[in-house]
Amino acid sequence: MDIIYHGHSCIQLIAGDKSLIIDPFLRGNPLATTKAEEIKTDAVLLTHAHMDHILDADQIALNNDAPVVANPELAAYMSWKGVKTIGMNIGGTLDLGFAKAKMVQAFHSSGIVVEEDKTILYGGMPAGYIVNMEQLNVLHAGDTALFGDMKMIGDRHSIDIAFIPIGDHYTMGIDDALQAAIWYNAKLVVPVHYNTFPVIRQEAESFVQQLQERGIKGKVLKPGEKITV
Ligand code: NI
Ligand code: MN
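Treat the numbers as computed from the prediction; the structure is a model and nothing was measured.

Novice: Lay out the coordination of the nickel ion (ligand 1) in plain terms, naming residues and giving numbers.
Specialist: For a metal bound by four donors in tetrahedral geometry, the ideal donor-metal-donor angle is 109.5 degrees, whereas six donors in octahedral geometry ideally sit at 90 or 180 degrees. The protein atoms that coordinate the nickel ion (ligand 1) are His48 (NE2), His50 (ND1), His108 (NE2) and Asp143 (OD), at distances spanning 2.2 to 2.3 Å. For the nickel ion (ligand 1), the four donor atoms in the first shell make angles of 89 to 179 degrees at the metal, so the coordination geometry reads as irregular. In the primary sequence, the donor residues of the nickel ion (ligand 1) line up as H-x1-H-x57-H-x34-D. Between the nickel ion (ligand 1) and the manganese ion (ligand 2), a separation of 3.1 Å is found, and both are coordinated by Asp143. Remark: Asp143 occurs in the loop between β12 (136-140) and α4 (150-156) and His48 occurs in the loop between β4 (43-45) and α1 (51-54); sequence separation between them is 95 residues. When sorted by exposure, His48 lands in the same class as Asp143, which is buried.

Right under this line is the structure:
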């Protein structure tokens, strides 16, 4: 399987001629190296209803005639943009044919601020995904704080690669992310959700070094970087 880190929390998993992308945020990301119109994919998975996770979802879904997978409330919102949607909820597993995606808990918020109406649209429960593809389990933790059931998730699933936020302010910072890495018990940890904006600036290499000191393999990916696993 190939995995491309598109920056912020956006990752794309590719197996043969099939792929899925999680949390596309490209045109709003000053660090992104790929344009939304260049993405070829078969499904768009969303963790929660914040703009830095959903901004390019409708365009990519429409361009590729691909479904958007999200919690029921966010799926309904996306359907009003004319895209095909699959609503699911935490605990469920979706079989996409080429991959299975289990929606797992994250501890965060989820909603869409409509400035002109001074309204906030309820965005359903935030989540992460464990994607099983080509016999590998890839965790996208979503935006999350540290919570104790990360250990339960790690105990119940053999996670090969975990993408976990380290940016602080909106999510875990490095100290809590180190504990999350221990609890998720992944064979490889990749930090995400940092450096996109000044408020989430972090030293990702320092995080990886602290992982190694705890016997955990970590890897920093640059936006646009692809790894084969
Ligand atoms: Ni968020
Ligand atoms: Mn976010």
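Continuing now.
Novice: Before we move on, could you go through helix α3 (residues 72-79) and cite the residues and values that matter?
Specialist: Those residues of α3 that sit buried are Leu74, Ala75, Tyr77 and Met78. Taken end-on, α3 shows its buried residues confined to a sector of 160 degrees, consistent with a single buried face. If you follow the buried residues of α3, they end up packed against α1, α2 (57-64), β5 (68-70), β6 (85-87), β9 (111-114) and β10 (119-122). Measuring from the side-chain oxygen of the N-cap residue of α3 to the backbone nitrogen of Glu73 gives 3.0 Å; that N-cap residue is Asn71.

Novice: Which residues make up the pairing of strand β1 (residues 2-5), and what values do they have?
Specialist: Direction of pairing for β1 relative to strand β2 (residues 11-15): antiparallel, over a ladder of four bridges. Across the sheet, Ile3 pairs through a bridge with Leu13, a residue of β2. Hairpin connection between β1 and β2: a loop of five residues separates the two successive antiparallel strands, and Gly7 in this loop has a positive phi of roughly 95 degrees. Relative to strand β15 (residues 225-228), β1 runs antiparallel, the two being bridged by four bridges. Among the inter-strand pairings, Ile3 is bridged to a residue of β15, identified as Ile227.

Novice: Lay out the coordination of the manganese ion (ligand 2) in plain terms, naming residues and giving numbers.
Specialist: With distances of 2.1 to 2.2 Å, the protein atoms coordinating the manganese ion (ligand 2) are Asp52 (OD), His53 (NE2), Asp143 (OD) and His193 (NE2). Counting residues between consecutive donors of the manganese ion (ligand 2) along the chain gives the motif D-H-x89-D-x49-H.

Cut-offs used in this document
- Residues numbered from 1 in each chain as written.
- Chains lettered and ligands numbered in written order.
- Predicted model: local features only at pLDDT ≥ 70, side-chain atom pairs only at ≥ 80, totals over all residues.
- Heavy atoms only, no water.
- Donors = N, O, S within 2.8 Å, 3.2 Å for Na, K, Ca; no water.
- Tetrahedral: all angles 85-135°; square planar, octahedral: opposite > 155°, others 65-115°.
- Helix = DSSP H or I, 4+ residues; strand = E, 2+ residues; numbered from the N terminus.
- Buried < 20%, exposed > 50% of the residue type's maximum accessible area, 1.4 Å probe, protein only.
- Arc of directions from axis to C-beta.
- Contact = heavy atoms within 4.5 Å.
- Polar contact = N/O pair within 3.5 Å; in protein donor to acceptor, adjacent residues only side chain to side chain.
- Pairing = 2+ DSSP bridges.

In short, shape yes, function no, at least from these values alone.
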